Amino acid sequence: MFGSWHKPSTSSTAATTEPGAEQQTAQPKPGTRWPWSLLTGLIILALAALIPLSGDAATLHTWTLILMFAVLAQSWNFLGGFTGYASFGNVFFFGVGAYSTGLLILSGRPFWLGVLAGAVVAGLLAFLLGLPVLRLRGHYFAIATLGIAEATRELVAIRNLGGSGGEVELPLPALSDTTFYFLFWLLALACFLLTAYLARSKPGYALIAIRESEETAEAMGIPTYWYKIGAFVLSAVPTALAGGLYAYWSTGFDPPTVFDVGISVEMVLLTVLGGAGTLLGPLISAILFELLSFQFQISGSAFHNSLLGLTIAMVTIFIPQGLVGLVQEFLRPLAPGMSRRQLLVEGVRRVRRVIAANGV
Amino acid sequence: MIRLFSYLHLPRRHLAHTGHDSSFQSRSSATRLPLPIILLSLLLALLCSTGLLACGGTASSSNTLLFGAPISLTGSTATEGHLTLEGYQLWVKEVNAHGGIKVGNTTYQVALKYYDDGSSPTRSAQLTQQLITADKVNFLLGPYGTSATLQDEAIAERYKIPMVEANGAAKAIFSRGFHYIFGVLSPASEYAKVMLEAALSLPTPPRTVAIISANDSFSEEVATAARDFALSHGMEVVYYQTYPSGATDLTGVLTALKTSAHGGVPDMLLGSGHESEAVTTMKECKQLNINAKLYAFTVGPATPDFITSLGPDANYVLGSSQWTPQERYQGIDFFGTPANYERIYKQTFGHEPSYQSAESTAAGLAFQYAIQNAGSIDPQKVRDALARLNITTFYGVIRFDATGANTFKPMATIQIQNGQVVTVYPKEVANAQLLYPTPPLSQR
């Protein structure tokens, strides 16, 4: 599907028709920034691979969840960040992966078969559901995806998949916690490399073009509808794989757990906090957000959710471009005659403006 | 404090590139903290406040037994989670006030370490792991609800730490062949059974029954067990229907039910669901003029809200309860009787105890006697002692079958009479007679 758009390098030959070329001229020196973020991400993932050495099971558990949410946020980024289609129902694919795995394990099949089957089923469902749903835009798309996830949760409960009310209880997994950790790690790495590829390839540029202006992209000859469906499938498959791993790892779940709208929200939240459409954003914010939220949680304070919510609100008000955007701004070469201090003062002025605009 | 935020109050001209500004800036900068330091100290303050709170919770010494529990204090089951926590806390307070737990020649004080899981099973599992491996708790008390228990028990099983749970009644929890999970409450199958038994104990028992159920796993399990019990005891199940959990309109279901018993209204209507659905059912029965001889709901009638929302229409309705303060048990524990538990609970928390709290306190008692019987705090020995436990407490019998479920404790049937909750069945613990049949709803 992406083949026609992906030509290995030189896009200058067809500069008039291909959006990729436009993207490159619009951004000054993108080539210098991208390998650095790729390198940073790989270093972060390499360091994350050392976590099991700590030998602390609680830390390992937390980091397994971090990687799981990194996978979910990164795959949401394909559609929400790159293509600009904010799905609020991506947990649907998580649940599909979990139930495929759970039901196949219950029927005596090995777990890896269940995980793979879940990915295939989720990919097919994304394709079929994408056909009608991706004709919608903006709020309508968000509401439709949300509806699909909510309806499926009820359906699974009514049909009594697994046990009564859709409860699935699995035997204790034969794999160790460390194995689960590395399975999630591999998945996070794969998502990261896929994001890196999209950030620098024709298919990725096509998706960004759709985000910036769908009509323009269409006018330039991009088959936007099929690209959007492709992005939907791309965000569904890793989500389902993560759901399948989660099912076996957690050993027991019911529809409200794996079709929890809160997971959808967290995917959106992590991507937006980190920087939608960026390479490092979802990965970094998954780490920071999960660590912070766990610290709040074990703080014993009754207000941990309020504190977390307040932190999120502050970040979205003051750095709407996300954490990665903020760092990029600081690394940006200074304009001539501008000192670091003035940059800071400028930032403070912006904060004041936000406050003034809100009448505080 | 004002100086800290003086950045935010800079006059606009201050930020422009003029000579006037630079002199102004140099004058004031001497008295102002740099922004990075402010941000850093704010961050530090944040970390300290959370960190300090974290270690302020429990004091662990060699003679303290630490019990861990992930409980939902926020989120969808926050209310029930708080009741669970109060039950645990009351047990901890009382056991320490009565000298702690004696093991051989050592006396242990008890401490509780709990976290809020935000009603999320994923978080609950994460916090269970934290409690076992980082906080090094000796034993685990259960979370609130079946979903969280399903995940937490797997972690307890892996680390071989016994967990006594008080708030997950689904059969699924005990059907997995796990050895370290024990539940003090009667299993789901008992919820409807006890009300059907109460109905069957009448001189002229109802002959036809209609069962409606919410579609969540617990309610369906209850409803299926009710149908099987009714069929095997000579009652005719004339109508059986599930509806979406949390439904706010049951007119469709009730209209179909109205003529299900050979063209008439069934003798008994049994609802398996939640409090709001029980209230809706009663209101719509009145509107639709459905007059069964007996109304029974698994969850709802025991809560004060049920009576306040329905007023006189709440009278005659049956409910089932894991525990009521009116029951007449003579326990070996320091609470002794349900009435005494109610008194102590009210003194401590200022409101009536619910069955969730009583269950939770009973989970603590199960541990207390198992540890005493084992004469050891070794998790394996305490687990074996739990498996052998057979005691009567203020909460009733605590004795676990091979799967860890407490199938030996009967539930109670309650009825609302003149706006008051009374216990009507089993006869041994009842404080009132079952009133039957229900007068038509329009004549109240």
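Residues numbered from 1 in each chain as written. Chains lettered and ligands numbered in written order. Predicted model: local features only at pLDDT ≥ 70, side-chain atom pairs only at ≥ 80, totals over all residues.

Student: Even after reading the chapter, I still don't get the overall build of chain A, so can you show me in this structure?
Tutor: In terms of regular secondary structure, chain A is built from 16 helices and two strands. Going through the 360 residues of chain A one by one, you find that 47% of them count as buried. Considering only contacts in chain A between residues 6 or more positions apart, those separated by 24 or more positions represent 77%. (Helix = DSSP H or I, 4+ residues; strand = E, 2+ residues; numbered from the N terminus. Buried ≥ 20, exposed ≤ 12 C-beta atoms within 10 Å, placed from the backbone. Contact = placed C-beta atoms within 7 Å.)

Student: What exactly am I supposed to notice about unusual backbone geometry here?
Tutor: The amide bond that connects B:Tyr425 to the next residue, B:Pro426, takes the cis arrangement and shows omega of -5 degrees. Examined against the element boundaries, B:Pro426 turns out to sit in the segment after strand E15 (420-425). With an omega of -5 degrees, the peptide bond between B:Tyr436 and B:Pro437 qualifies as cis. Assignment of secondary structure puts B:Pro437 in the segment after E15. One non-glycine residue, A:Thr251, lies in positive phi territory at about 70 degrees. Residue position: A:Thr251 is located in the loop between helix H10 (224-250) and strand E2 (252-253).

Student: Quick question: what am I supposed to make of the sheet that holds strand E6 (residues 181-183) of chain B here?
Tutor: Sheet strands pair by backbone hydrogen bonding; their relative direction is either parallel or antiparallel. All names here are of chain B. Spatially, the six strands line up as an open sheet ordered E2-E3-E1-E4-E5-E6, and their pairing is mixed. On the outer flanks of this sheet lie strand E2 (101-103) and E6, each paired with one strand and no other. Neighbour-to-neighbour, the strand axes of the sheet open up by a mean angle of 30 degrees, direction not taken into account. As paired elements, strand E4 (residues 139-141) and strand E5 (residues 163-165) share two bridges and run parallel to each other. For Leu 140, the partnering residue across the bridge sits in E5 and is Met 163. The strands that helix H5 (residues 146-159) touches are strand E1 (64-71), E4, E5 and E6; relative to E5, the one it contacts most, it runs at about 160 degrees. (Pairing = 2+ DSSP bridges. Axes fitted to C-alpha atoms, helices over the stretch in contact; angles between N-to-C directions.)

Student: Before we go on, may I ask you to explain the domain arrangement of chain A in this structure?
Tutor: Interface size is commonly expressed as the accessible surface area that is lost when the partners come together. Residue and element names in this part refer to chain A. Domain assignment breaks chain A into domain 1 (12-318) and domain 2 (320-360). If you average the C-alpha positions of domain 1 and of domain 2, the two centres end up 30 Å apart. Tallying the contact residues gives 13 residues for domain 1 and eight residues for domain 2. Looking at the side of domain 1 that touches domain 2, the elements that each hand over two or more residues are helix H12 (261-274), helix H13 (281-298) and helix H14 (304-318). Looking at the side of domain 1 that touches domain 2 residue by residue, the classes come out as seven nonpolar, six polar and no charged. (Domains from an automatic or database assignment. Nonpolar A, V, L, I, M, F, W, Y, C, P; charged D, E, K, R; others polar.)

Student: I'm lost on the sheet that holds strand E7 (residues 208-214) of chain B in this one. Help?
Tutor: Residues and elements named next belong to chain B. Pairing is mixed across the open sheet formed by seven strands, whose spatial order is E8-E7-E9-E10-E11-E14-E15. Strands with a single pairing partner mark the edges of an open sheet, and in this sheet they are strand E8 (236-243) and E15. Adjacent strand axes in the sheet meet at a mean angle of 25 degrees, parallel and antiparallel pairs treated alike. This element, helix H8 (residues 251-258), spans E7 and E8 of the sheet and lies at about 170 degrees to E8.

Student: When you look at the confidence of the model for chain B in this model, what are you seeing that I'm missing?
Tutor: Close inspection of predicted coordinates is inappropriate for parts of the model with low pLDDT. Residue and element names in this part refer to chain B. Looking at chain B, pLDDT values average 85 and 86% of them are 70 or higher. Summarising per-element confidence for chain B, the mean pLDDT is lowest in helix H1 (residues 19-29) (40) and highest in E4 (97). The low-confidence segment residues 1-32 (pLDDT under 50) makes 18 contacts with residues lying over four places distant or belonging to another chain. Confidence over residues 48-60 falls short of pLDDT 50; this stretch has 17 contacts with residues more than four positions distant or in other chains. (pLDDT = per-residue confidence, 0-100.)

Student: Can you help me understand the domain arrangement of chain B in this one?
Tutor: Residue and element names in this part refer to chain B. On domain assignment, one finds that chain B holds domain 1 (64-186 + 327-399) and domain 2 (189-321 + 411-443). One C-alpha centre belongs to domain 1, the other to domain 2; they are set 31 Å apart. Between domain 1 and domain 2, the residue contacts involve nine residues of the former and 10 residues of the latter. Per-class residue counts for the side of domain 1 that touches domain 2 are four nonpolar, two polar and three charged.

Student: Would you mind going over the interface of chain B and chain A with me for this structure?
Tutor: Of the residues lining the interface, 39 residues belong to chain B; the matching set on chain A comes to 40 residues. Elements with a contribution of two residues or more to the side of chain B that touches chain A: helix H2 (35-56), strand E3 (106-116), helix H4 (121-134), H5 and helix H7 (217-232) of chain B. Here the side of chain B that touches chain A takes nine residues from H4(B), the largest share from any one element. Split into classes, the residues belonging to the side of chain B that touches chain A amount to 17 nonpolar, 14 polar and eight charged.

Student: I would appreciate a short explanation of the environment of B:Ala432 in the present structure.
Tutor: Residues and elements named next belong to chain B. Take Ala 432: it is sitting in the segment after E15. Distance in space between the C-alpha atoms of Ala 432 and Asp 313 is 19 Å, their sequence separation being 119 residues. Beyond its immediate stretch of four places on either side in the chain, Ala 432 contacts Gln 417, Val 422, Thr 423 and Val 424.

Student: Whenever I open this one, the confidence of the model for chain A confuses me. Can you help?
Tutor: For chain A, mean pLDDT is 85; residues scoring 70 or higher make up 90% of the total. Here residues 1-32 of chain A scores under 50 on pLDDT; set against residues more than four positions off or in separate chains, the count is 31 contacts.

Student: Teacher, can you tell me more about the environment of B:Leu140 here?
Tutor: Structurally, B:Leu140 can be placed in strand E4. What makes B:Leu140 buried here is the crowd of 28 C-beta atoms within 10 Å.

Student: What's the story with the pairing of E1(B) in this structure? I'm lost.
Tutor: Two faces, one strand: in a regular strand the side chains alternate between the faces of the sheet. Residues and elements named next belong to chain B. Among the eight residues of E1, six are classified as buried, and the element is accordingly described as predominantly covered. Examined bridge by bridge, E1 and E3 share eight bridges and lie parallel to one another. Looking at E3, one finds that Pro 70 is bridged to Tyr 115. Inspection of the sheet shows E1 paired to E4 by two bridges, in the parallel sense. Each residue of the ladder has a partner; that of Gly 68, found in E4, is Leu 140.

Student: Whenever I open this one, the nonpolar core confuses me. Can you help?
Tutor: Most often, soluble globular proteins have nonpolar side chains that are buried together. Counting residues in each nonpolar core, the largest one holds 131 residues, and the members touching the most others are B:Ala226, B:Ala366 and B:Ala370. Among the elements that line this core, the one with the most residues is helix H12 (residues 355-374) of chain B, at 11 residues. Here this core gathers at least three residues from each of two domains, domain 1 (64-186 + 327-399) and domain 2 (189-321 + 411-443) of chain B. Membership of the second largest hydrophobic core comes to 93 residues, among which are A:Trp63, A:Trp76, A:Ala206 and A:Leu245. (Core = buried A, V, L, I, M, F, W, Y, C linked by C-beta atoms within 7 Å.)

Student: Help me understand the pairing of E8(B), please; the structure alone is not making it clear to me.
Tutor: Across seven bridges, E7(B) lies against E8(B) in parallel orientation. Paired with B:Thr208 across the bridge in E8(B) is B:Glu236.

Student: How should I be thinking about the packing of helix H3 (residues 57-82) of chain A against H12(A) in this particular structure?
Tutor: When two helices pack together, their arrangement is given by the angle between their axes and by how far apart the axes lie. All names here are of chain A. As a packed pair, H3 and H12 sit with axes 8 Å apart at the nearest point and diverge in direction by 75 degrees. Considering the angle they form, H3 stands roughly perpendicular to H12. Here Phe 69, Leu 72, Ala 73, Trp 76, Asn 77, Gly 80 and Gly 81 of H3 lie close against H12, whose contacting residues are Ile 263, Glu 266, Met 267, Val 268, Leu 270 and Thr 271. Among the residues forming the contact of H3 with H12, the class breakdown is eight nonpolar, four polar and one charged. (Parallel < 35°, antiparallel > 145°, perpendicular 65-115°, else oblique.)

Student: Can you walk me through the environment of B:Thr324 in this structure?
Tutor: All names here are of chain B. Within the element layout of this structure, Thr 324 appears in the loop between strand E11 (318-321) and helix H11 (338-349). With 29 residues separating them along the chain, Thr 324 and Pro 353 place their C-alpha atoms 8.9 Å apart. Beyond its immediate sequence surroundings of up to four residues, Thr 324 is in contact with Pro 338, Ala 412, Ile 414, Val 421 and Thr 423.

Student: Would you mind showing me how to read H4(B) here?
Tutor: An α-helix turns once every 3.6 residues. As a result, residues three or four positions apart point the same way. Residue and element names in this part refer to chain B. The end-to-end C-alpha distance of H4, which contains 14 residues, comes to 19 Å, matching closely the 20 Å that a straight helix rising 1.5 Å per residue would cover. Along H4, the residues that are buried comprise Pro 121, Thr 122, Arg 123, Ser 124, Ala 125, Gln 126, Leu 127, Thr 128, Gln 129, Gln 130, Leu 131 and Ile 132. Lys 136 sits one or two positions beyond H4 and adopts a positive phi of about 55 degrees. (Expected span 1.5 Å × (residues − 1).)

Student: Would you mind showing me how to read the packing of helix H3 (residues 78-97) of chain B against H12(B) here?
Tutor: Residues and elements named next belong to chain B. At a closest axis distance of 7 Å, the pairing of H3 and H12 adopts a crossing angle of 40 degrees. On the basis of their axis angle, the class for H3 and H12 is oblique. In the packing of H3 onto H12, the handedness of the crossing is right-handed. Residues Glu 80, Leu 83, Thr 84, Glu 86, Gly 87, Tyr 88, Leu 90, Trp 91, Val 92 and Val 95 of H3 lie in contact with H12, whose contacting residues are Gln 356, Ser 357, Ala 358, Glu 359, Ser 360, Thr 361, Gly 364, Leu 365 and Gln 368. Tallied by class, residues from the contact of H3 with H12 come to eight nonpolar, eight polar and three charged. (Left-handed = near helix turned anticlockwise from the far one by under 90°.)

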